[in-house]
Amino acid sequence: MKNTNTSKTPSKNISKKANFAEEKMYNIPLWAIVLVFILTTLLFFKANILGNHFFWEDFVEYVYPTQNFAAAESAKGYIPFWNPYSFGGMPFLADLQSGFFYLPNRILTFFVNSEGKIPFVALELLLIFHFFISQLSMYSLMRSLEISKVGSVIGAVSYSFSLVFVCHVIHPMIVEHLAWFPLVFLFYRRAMIKLNFRDSALAGLIFGMSMLSGHPQITLYEAFFLGIFFIWQLISAVKAGEYKGKNIGFGIISGIIPIVIAVGIFCIQYLPSQELAGFSQRSEMSFEKASEGSLEFEQIFSSITPKLFGATEGSESFKVPFYLKSNVTHSIAPYFYYWETAYYIGLAALILGFIALFFLVKTRLIGFLLTMSIIGFFFALGSNGFIYEIFHKLPLFGNFRNPARMMLYFVFGFSVLSGFGFDLIRVKTKNKTFLLILALISGIIGLISILIMTGSLSSLFNTPPNFASIVKGLGSTTFLLLLFIVGILFLINLRILNSTIGGAILICIIFTDLYIAGCDFNSSKQNPKEKYTLSADEIQKFRVNPPNDIFRVNMRMYKPNYISMARNQGLIDRIMLIEGYNPLILQRASLPVESSSISNALFNVKYELTVDSLRRQPAFRERTFTFPRAWMVHKARVVDPKSIKEFLKIGKIDFRYEVILEEQTKSYYQDSSIKYGDEKVEFQEYNSNSMKIAVESKSAGIMVVSEVYYPAWKAYIDDQPTNIFSANYSLRAIEVPQGKHIIEMKYESATFSLGAWITVITLILSLALLFSKRGKK
């Protein structure tokens with residue numbers, strides 16, 4: 001196909017409009033650029049790498065246990081479909097945030113030690129490596145836009161160490177998404193400009209792989225970004241005469257192929273996740289609930305002084321807690337709003353971005369980046385603005401909280417713009433208009449910093465009086481930093497300072513600025529080993545030993561409120577808990593019976609947390625009675641699913657002899673003559689994805705299995721398929737004929753199989769397109 005595209009990058013416009021010959025820059029080899037990115041990554045996370053500080057919050061509470069289990073199971077050769085260690089059992093692979101098929105996560109498999117655990121530092125290093133990937137990714141994008149090497153490094157550092165990245169280390173799926181996005185945009189843009197299907201395939205492959213890291217909200221925001229660019233480029237190219245005749249069709253196809261490929265790759269994760277969503281606890285996301293984590297309008301000043309409204313940090317070294325007052329609730333926002341609304345990219349990058357906007361706003365790409373930055377800002381305002389309410393009514397957008405995460409558009413856009421701004425400084429030497437604009441931008445920022453350092457804005461920001469002096473100090477720091485940055489920019493523009501050397505100084509300033517703003521956020525002093533430490537005796541006591549020694553542990557009580565282990569301790573030490581920590585919980589994860597004692601018995605709880613009557617302290621006790629993992633009954637009642645919860649709460653059911661079902665079995669069971677426990681029910685095999693049980697029944701009956709019901713589990717009696725019924729609201733039941741039988745239960749998800757086939761076919765077709773001659777422009 002013939003490429004008629006004659007569009008120019010903004011960089012070509014920079015050179016075309018330059019009044020003087022461009023200063024020759026030093027030729028910096030690629031290895032030196034890569035070395036810079038390695039050094040910035042190592043320096044930023046030095047304390048974490050050396051083991052002096054640690055990542056915290058959800059990284060410790062949720063991500064580490066999840067990835068530990070995934071790595072341990074894959075090291076055994078399993079795909080971990082089911083998690084038996086949390087909430088009495090729940091789907092694992094179907095949980096989007098497990099990220100099992102995200103390729104970098106599978107590196108962790110090789111770090112599993114003899115105890116079946118991965119070192120915490122291995123997971124930290126894997127995420128830290130994504131900051132290096134992000135810098136390379138953004139650098140590659142900016143070089144494709146013909147930005148200078150130094151300008152590209154400026155943009156890469158500003159993007160990768162912005163607070164959107166740093167403050168979401170606790171949510172590594174967000175960092176993993178954003179690290180690859182510049183590469184996705186690089187190939188997507190190039191595909192639409194050059195009408196090159198190979199670039200379309202590359203964009204789709206990288207986007208699909210990043211989607212597997214497991215954060216649907218960021219996936220949606222990135223897809224929306226690409227969708228707007230698709231429309232923007234298509235309309236602009238047609239108006240400019242770059243797309244004519246059949247090339248209009250090729251342009252549309254070039255933009256659609258990446259999305260189709262990405263969705264196809266994602267199907268192996270997406271389809272099981274959709275199945276899980278139908279059985280999960282999902283409350284309607286009201287506008288008020290979805291607006292949690294909205295950006296406050298005054299936080300626009302945080303683009304200049306990042307900790308203007310205090311901070312929440314793992315190190316707890318910053319003396320001003322997050323004190324921002326919500327304009328909706330008129331009360332202090334929760335502490336986690338800090339990391340959800342932080343977006344600082346560095347003062348130098350901000351100034352350079354505004355310079356690029358002033359001179360290049362009429363170019364196609366810069367106009368697009370400005371538009372998306374504006375959309376991102378007004379969307380991020382959530383309930384404080386008007387755009388979010390419109391988006392909330394659209395499909396998908398109303399499913400997520402924390403609209404401030406859309407500030408990634410601003411961070412992405414201004415990081416790219418900072419590179420263009422630096423190149424403008426180099427070529428617009430001694431240009432009066434340029435110097436005037438630089439002075440104007442600096443003057444506005446300087447005025448704001450002076451107002452902060454004098455306390456003139458304290459009443460507007462509701463700054464607590466005991467923190468006023470610290471906030472004033474932040475304003476002073478901003479003002480001094482501004483003077484230094486502007487001085488370097490003027491020296492470069494006036495050719496007093498070589499642009500390569502000046503650019504290197506700016507890179508150091510930006511990195512130092514971002515380091516000071518964000519290094520303490522991920523510097524918790526608590527070693528996760530301490531959080532997940534159990535004594536050898538406790539592990540020996542609580543750990544199951546399949547196939548016969550299988551039981552659960554209740555490690556939390558509510559009166560008084562006390563928890564004896566880390567919430568996801570089970571995933572670390574292979575302890576089967578009836579509690580856990582996961583954003584997604586099955587609707588039927590708990591039994592609606594009349595007492596917790598009955599619930600614990602039905603859930604095969606051997607040890608439960610209670611208050612020692614003598615010491616008046618929480619302590620574990622071994623239950624005098626608990627049901628085994630499976631037992632036979634010969635009496636069944638069928639209750640309407642709509643009323644079963646109320647029926648079970650009434651009580652007066654002897655679960656030793658009777659089971660409550662929600663659909664009729666093949667036969668009717670009303671025999672209570674066979675004594676409980678008088679029939680053989682013995683586990684022969686038990687693992688995360690399957691189990692085998694030997695049963696010897698005196699008469700036809702129903703085997704109740706103390707495993708949480710989920711439709712992806714399939715049962716076989718003597719190798720013949722049979723139904724699994726929902727028993728006692730949460731558990732499983734299987735009809736068993738009289739005599740000796742072998743019953744198997746296997747996790748066999750039809751949605752996973754379909755998704756896997758779609759993903760495999762997509763990969764094959766994508767690779768064929770990538771290497772075919774028709775993939776060329």
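Refer to the structure above for everything that follows.
How each quantity is defined
- Residues numbered from 1 in each chain as written.
- Predicted model: local features only at pLDDT ≥ 70, side-chain atom pairs only at ≥ 80, totals over all residues.
- Heavy atoms only, no water.
- Helix = DSSP H or I, 4+ residues; strand = E, 2+ residues; numbered from the N terminus.
- Buried < 20%, exposed > 50% of the residue type's maximum accessible area, 1.4 Å probe, protein only.
- Contact = heavy atoms within 4.5 Å.
- Areas by Shrake-Rupley, 256 points an atom, 1.4 Å probe, with all protein chains shown as cover.
- 1 Å grid on protein atoms, 1.4 Å probe; cavity = no way out; pocket = protein on both sides within 12 Å on 5 of 7 lines; lining within 4 Å.
- Points joined across faces, edges and corners; volume = space filled by probe spheres on them.
- Nonpolar A, V, L, I, M, F, W, Y, C, P; charged D, E, K, R; others polar.
- Pairing = 2+ DSSP bridges.
- Axes fitted to C-alpha atoms, helices over the stretch in contact; angles between N-to-C directions.
- Parallel < 35°, antiparallel > 145°, perpendicular 65-115°, else oblique.
- Left-handed = near helix turned anticlockwise from the far one by under 90°.
- Phe/Tyr/Trp six-rings, centres within 6.5 Å; stacked < 30°, edge-to-face > 60°.
- Lys NZ or Arg CZ within 6 Å of the ring centre and 35° of its normal.
- Core = buried A, V, L, I, M, F, W, Y, C linked by side-chain atoms within 4.5 Å.
- Expected span 1.5 Å × (residues − 1).
- Bend = angle between axes of the 7 residues up to and from the residue.
- Patch = residues over 30% accessible without salt bridge, like charges linked within 9 Å, V, L, I, M, F, W, Y side chains within 5 Å.
- Salt bridge = Lys/Arg side-chain N within 4 Å of Asp/Glu carboxyl O.
- Polar contact = N/O pair within 3.5 Å; in protein donor to acceptor, adjacent residues only side chain to side chain.

**As for the overall build of the protein**
Here is step 1: Scanning the protein from terminus to terminus reveals 27 helices and 18 strands.
Here is step 2: Viewed in the frame of its principal axes, the protein has a C-alpha envelope of about 100 × 65 × 50 Å.
Here is step 3: Here the protein holds 777 residues, and the buried ones make up 59% of them.
Here is step 4: In the protein, of all internal contacts separated by at least 6 residues, the share reaching a separation of at least 24 is 77%.
Here is step 5: A total accessible area of about 32,100 Å² is found for the protein, and carbon and sulfur atoms account for 60% of it.

**So, unusual backbone geometry**
Here is step 1: A cis geometry characterises the amide bond from Pro546 onward to Pro547, with omega recorded as 10°.
Here is step 2: One can find Pro547 in the loop between α23 (536-542) and β3 (552-554).
Here is step 3: Put simply, Lys559 and Pro560 share a cis peptide bond, and its omega is -5°.
Here is step 4: Positive phi, normally seen in glycine, also occurs at Arg495, with a value near 65°.
Here is step 5: Checked against the element boundaries, Arg495 lands in the loop between α20 (468-493) and α21 (499-518).
Here is step 6: One non-glycine residue, Asp719, adopts positive backbone phi at about 75°.
Here is step 7: Among the structural elements, Asp719 can be located in the loop between β14 (713-717) and β15 (720-722).
Here is step 8: The exposure class of Asp719 is exposed, given its relative accessible area of 59%.

**Brief notes about the layout of surface pockets**
Here is step 1: Its boundaries defined by the atoms lining it, the second largest pocket holds a volume of some 650 Å³.
Here is step 2: Residue lining of the second largest pocket: 23 residues in total, with Asn554, Tyr558, Ile578, Glu579 and Asn600 positioned closest to the centre.
Here is step 3: Within the residue set of the lining of the second largest pocket, elements represented by two or more residues are β4 (556-558), α25 (596-602) and β6 (605-612).
Here is step 4: For the lining of the second largest pocket, the per-class residue count stands at 10 nonpolar, eight polar and five charged.

**Observations regarding the sheet that holds β3**
Here is step 1: With mixed pairing, the three strands of this open sheet are ordered in space as β3-β6-β7. Only two strands of the sheet have a single partner each, and these edge strands are β3 and β7 (617-622). Sheet twist, expressed as the mean angle between neighbouring strand axes with direction ignored, is 25°.
Here is step 2: Bridging between β6 and β7 involves six bridges; their strand directions are antiparallel. Note that in β7 the partner of Thr610 across the bridge is Ala619.

**A closer look at the environment of Ile653**
Here is step 1: Topologically, Ile653 is positioned in the loop between α26 (644-650) and β10 (658-661).
Here is step 2: Each C-alpha atom of the pair Ile653 and Ile717 lies 28 Å from the other, and the pair is 64 residues apart in sequence.
Here is step 3: The residues contacting Ile653, other than those within four sequence positions of it, are Arg637, Phe647, Leu648, Glu658 and Ile660.

**Regarding the pairing of strand β18 (residues 739-747)**
Here is step 1: Sheet topology places strand β12 (residues 690-697) next to β18; eight bridges connect them, and they run antiparallel. Of the residues in β18, the one forming a bridge with Ile693 is Ile743.
Here is step 2: One ladder, built from five bridges, connects β14 with β18; its direction is antiparallel. By the bridge assignment for β18, Trp713 is matched with Tyr747.

**With respect to the packing of helix α5 (residues 120-144) against helix α8 (residues 172-194)**
Here is step 1: Following both chains from N to C, one finds α5 and α8 inclined at 20°, their axes separated by 8 Å at the closest point. Taken together, the axes of α5 and α8 lie roughly parallel to each other. Like other packed secondary-structure pairs, α5 and α8 cross with a definite hand, here left-handed. Note on element contacts: α8 touches α5 through Pro172, Val175, Glu176, Ala179, Trp180, Pro182, Leu183, Phe185 and Leu186, opposite Leu127, His130, Phe131, Ile133, Ser134, Ser137, Met138, Ser140, Leu141 and Ser144.
Here is step 2: For the contact of α5 with α8, a count of residues per class yields 13 nonpolar, five polar and one charged.

**What to know about the packing of aromatic side chains**
Where two aromatic rings form a pair, the distance of their centres and the angle of their planes describe that pair.
Here is step 1: Within the structure shown, the criterion is met by 81 aromatic pairs.
Here is step 2: One cation-aromatic arrangement involves Arg567 over Tyr581; the distance from NZ or CZ to the ring centre is 3.8 Å.
Here is step 3: The cationic tip of Lys606 hangs over the ring face of Phe551; the distance from NZ or CZ to the ring centre is 4.9 Å.

**Some thoughts on the nonpolar core**
Here is step 1: Formed by 259 residues in total, the largest nonpolar core has its most connected members in Leu347, Ile351, Phe412, Leu506 and Met703.
Here is step 2: For this core, the leading source of residues is α8, giving 14 residues.
Here is step 3: Setting aside chain neighbours within four positions, we find Met703 in contact with Ala630, Trp631, Met632, Val681, Ile693, Val695, Arg732, Ala733, Ile734, Val736 and Ile743.

**Looking at helix α4 (residues 58-75)**
Here is step 1: With 18 residues, α4 extends 24 Å between its outermost C-alpha atoms, agreeing within 8% with the 26 Å of an ideal straight helix rising 1.5 Å per residue.
Here is step 2: Along α4, the sharpest change in direction is near 30° and occurs at Tyr64; proline Pro65 comes one to four residues later.
Here is step 3: Among the 18 residues that make up α4, 17 are buried, leaving the element largely enclosed by the rest of the structure.
Here is step 4: The positive-phi residue at the C-terminal boundary of α4 is Gly77, with phi of around 95°.

**Details of a nonpolar patch on the surface**
Here is step 1: Together, Trp31, Leu35, Ile38, Leu39, Leu42 and Leu43 make up an exposed nonpolar region whose accessible area comes to about 590 Å².
Here is step 2: Secondary-structure assignment places Trp31 in helix α2 (residues 30-44).
Here is step 3: For Trp31, a relative accessible area of 61% corresponds to the exposed category.

**Section: the side chain of Asn105**
Here is step 1: When you line up the elements, Asn105 lands in the loop between β2 (90-91) and α5.
Here is step 2: We classify Asn105 as buried; its relative accessible area is 3%.

**What to know about the sheet that holds β14**
Here is step 1: Pairing is antiparallel across the open sheet formed by five strands, whose spatial order is β11-β12-β18-β14-β15. What marks the edges here is a single partner per strand, and that holds for β11 (680-686) and β15. Averaged over all pairs of adjacent strands, the angle between strand axes in this sheet comes to 30°, irrespective of strand direction.

**Some thoughts on the pattern of salt bridges**
Here is step 1: Counting across every chain of the model gives 21 salt bridges.
Here is step 2: Note that Asp199 and Arg190 form a salt bridge whose closest N and O atoms lie 3.2 Å from each other.
Here is step 3: Exposure remark for Asp199: the relative accessible area of 5% places this residue in the buried category.
Here is step 4: Between Asp573 and Arg543 there is a salt bridge whose closest N-O contact spans 3.9 Å. One end of the pair, Asp573, is in helix α24 (residues 569-573); the other, Arg543, is in the loop between α23 and β3, and 30 residues separate them in sequence.
Here is step 5: Relative accessible area serves as the criterion here: at 24%, Arg543 is assigned to the partly exposed category.
Here is step 6: A cluster of three or more residues bridged by salt bridges with shared partners is formed by Glu61, Lys531 and Arg567.

**Let's talk about the packing of helix α14 (residues 347-360) against helix α18 (residues 432-453)**
Here is step 1: Remark: α14 packs on α18, axes separated minimally by 10 Å, with the N-to-C direction vectors making an angle of 135°. Taken as axis vectors, α14 and α18 run oblique relative to one another. By crossing handedness, the relation of α14 to α18 is classed as right-handed. On the side of α14, the interface is formed by Leu347, Ile351, Phe354, Ile355, Phe358 and Phe359, while α18 contributes Thr433, Phe434, Ile437, Leu438, Ile441 and Ile445.
Here is step 2: Per-class residue counts for the contact of α14 with α18 are 11 nonpolar, one polar and no charged.

**A word on α21**
An α-helical turn contains 3.6 residues, so a residue and the one three or four places further along point in the same direction.
Here is step 1: Over its 20 residues, α21 extends 28 Å from the first C-alpha to the last, a length consistent with the 28 Å expected when each residue adds 1.5 Å.
Here is step 2: Where α21 begins, the capping side chain belongs to Asn498, and its oxygen is found 2.8 Å from the backbone nitrogen of Thr500.

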